[in-house]
Amino acid sequence: MTRALWTVAPEHVPYTEILASTPSNIEKVLETFPFPFVAKEVRNSMGRGTFLIKNEYDFYQYANQNDVLYVQEYLENDGKDLRICVIGKDIFTAYWRVGAEGEFLHNVAQGGSLCFEFIPQEACDLVLNVSKQLNINHAGFDVLVSGGHFYILEFNVLFGNMGITKSGLSVEKAIYEYLLSEFVPPFPTSPTTKKVI
């Protein structure tokens, strides 16, 4: 995912290193990244497996439990990030995830709250452009604002939908309608487009 983002929007990705967890690479990270920085487990979601590394002890604990070092710079922010969901060729919904007071993570599953107001159009345009270039028609993009610049932290095709559910929207219905608009159902129906599922 990060490598895909590097190809189409490198200026919108936090500085990241993805390395094998070897003694030399552990030292390289410690020499390269100032504290605090962010370390992630390669396969996880909903904020699990994402750590704010505050000192060498934290990093050694993380490195000893992971075969891959996935490390990103920590970006100063105002305690919130955007979840922007794409279905088909459009933004399905977008909302702020506001972290609990003093918390590093903003995920709803980690105690964050939601705000559906004041969504920056520039962030939505960025996500639509990236999803189009990568041919993604279903994903949740996590976007952080730092220093007035938008950074895509990650995107997931299997993303938490607590925020969507709370807004009263139906992902299933939107996906179904998108599929109907793009493909001919595999059962008898009235004439539609030429594409076949």
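Going by the structure above, here's the rest.
In what follows, the accompanying structure is described.

Thoughts on the side chain of threonine 93
Counting through the fold element by element, threonine 93 comes out in strand β6 (residues 90–98). Those residues in contact with threonine 93 that lie beyond four places of it in its chain are Arg83, Ile84, Cys85, Phe116, Ile164 and Leu169.

A closer look at the layout of surface pockets
A volume near 220 Å³ is recorded for the second largest pocket. If you trace the second largest pocket, you find it lined by Val86, Gly88, Lys89, Asp90, Leu128, Ser131, Lys132, Asn135, Ile136, Asn137, Tyr178 and Glu182. The element best represented in the lining of the second largest pocket is helix α4 (residues 121–133), accounting for 3 residues. For the lining of the second largest pocket, the per-class residue count stands at 4 nonpolar, 4 polar and 4 charged.

Structural notes on the nonpolar core
With 21 residues, the main nonpolar core has Ile84, Val130, Phe141, Val143 and Ile152 as its most contacted residues. Those elements giving two or more residues to this core turn out to be α1 (2–8), β5 (80–87), β6, α4, β8 (138–146) and β9 (149–156). If we ignore the near neighbours within four places in the chain, the residues touching isoleucine 84 are Ile91, Thr93, Ala94, Ala123, Cys124, Val127, Ala139, Gly140, Phe141 and Val143.

Overview of the sheet that holds β6
What the 5 strands build is an open sheet, ordered β7-β6-β5-β8-β9; its pairing is antiparallel. Bordering the open sheet on either side are β7 (113–115) and β9, each of which pairs with just one other strand. Going from strand to strand, the sheet's axes swing by 30 degrees on average, the running direction of each strand aside. Where β6 meets β7, 3 bridges bridge the pair, whose relative direction is antiparallel.

Remarks on the packing of aromatic side chains
For the coordinates displayed, the defined rule picks out 9 aromatic pairs. Measuring from centroid to centroid gives 5.5 Å for phenylalanine 37 and phenylalanine 59, while their planes differ by 70 degrees, and the two rings are edge-to-face. Within this pair, whereas phenylalanine 37 is found in strand β2 (residues 37–40), its partner phenylalanine 59 is found in helix α3 (residues 56–64), the two being separated by 22 residues in sequence. Of the two residues, phenylalanine 37 and phenylalanine 59, both sit in the buried class. Taken together, a centroid distance of 6.4 Å and an interplanar angle of 45 degrees make the contact between tyrosine 74 and phenylalanine 104 tilted. Of this pair, tyrosine 74 sits in the loop between β4 (68–73) and β5 while phenylalanine 104 sits in the loop between β6 and β7, placing them 30 residues apart in sequence.

Regarding α4
Over its 13 residues, α4 runs 18 Å from end to end, which matches the ideal 18 Å to within 8%, given 1.5 Å per residue. Where α4 is concerned, the buried positions are Ala123, Cys124, Leu126, Val127, Val130 and Ser131. The buried residues of α4 occupy an angular sector of 160 degrees when the element is viewed end-on, so they sit on one face. Facing away from the buried side of α4, by more than 90 degrees, are the exposed residues Gln121, Glu122 and Lys132. Against the buried residues of α4 lie α1, β5, β6, β8 and β9. Downstream of α4 by a residue or two, asparagine 135 has a phi angle that is positive, lying close to 60 degrees.

Calculation rules
Numbering of residues starts from 1 in every chain and runs along the sequence as written. Local features are withheld for residues below a pLDDT of 70 in this predicted model, meaning they are given only at 70 or higher, and side-chain atom pairs are given and counted only at 80 or more; totals for whole chains, interfaces and linings count all residues. Hydrogens are left out, water is left out, and the side-chain values use all remaining heavy atoms of the structure. Strands here are runs of E lasting at least two residues and helices are runs of H or I lasting at least four, both read from the DSSP assignment and numbered beginning at the N terminus. Contacts between residues were defined by any pair of non-hydrogen atoms, one from each residue, lying within 4.5 Å. Think of a 1 Å grid over the protein atoms and nothing else: a 1.4 Å probe that fits but is trapped marks a cavity, an open set flanked by protein within 12 Å on at least five of seven lines marks a pocket, and residues with an atom within 4 Å of a point count as lining. Grid points are joined across faces, edges and corners, and a volume is the space filled by probe spheres set on the points. For this classification, the nonpolar set comprises Ala, Val, Leu, Ile, Met, Phe, Trp, Tyr, Cys and Pro, the charged set comprises Asp, Glu, Lys and Arg, and every other residue, Gly included, is treated as polar. To define a nonpolar core, start from buried Ala, Val, Leu, Ile, Met, Phe, Trp, Tyr and Cys residues and group those joined through side-chain atoms within 4.5 Å. Summary of the burial criterion: residues with accessible area below 20% of their type's maximum are buried, those above 50% are exposed, and those between are partly exposed, where the area comes from a 1.4 Å probe applied to protein chains only. Think of it this way: DSSP has to see at least two bridges between two strands before they count as a pair. Orientation is described by lines fitted to C-alpha atoms, with helices fitted over the stretch in contact, and by angles between N-to-C directions that extend from 0 to 180 degrees. To pair, rings of Phe, Tyr and Trp, with the six-membered ring standing in for Trp, must have centres within 6.5 Å; the planes then decide the type, stacked if under 30 degrees apart, edge-to-face if over 60, and tilted in the middle. The span expected for a helix works out to 1.5 Å for each residue beyond the first. Directions are taken from the helix axis to each C-beta atom, and the arc is the one they span.

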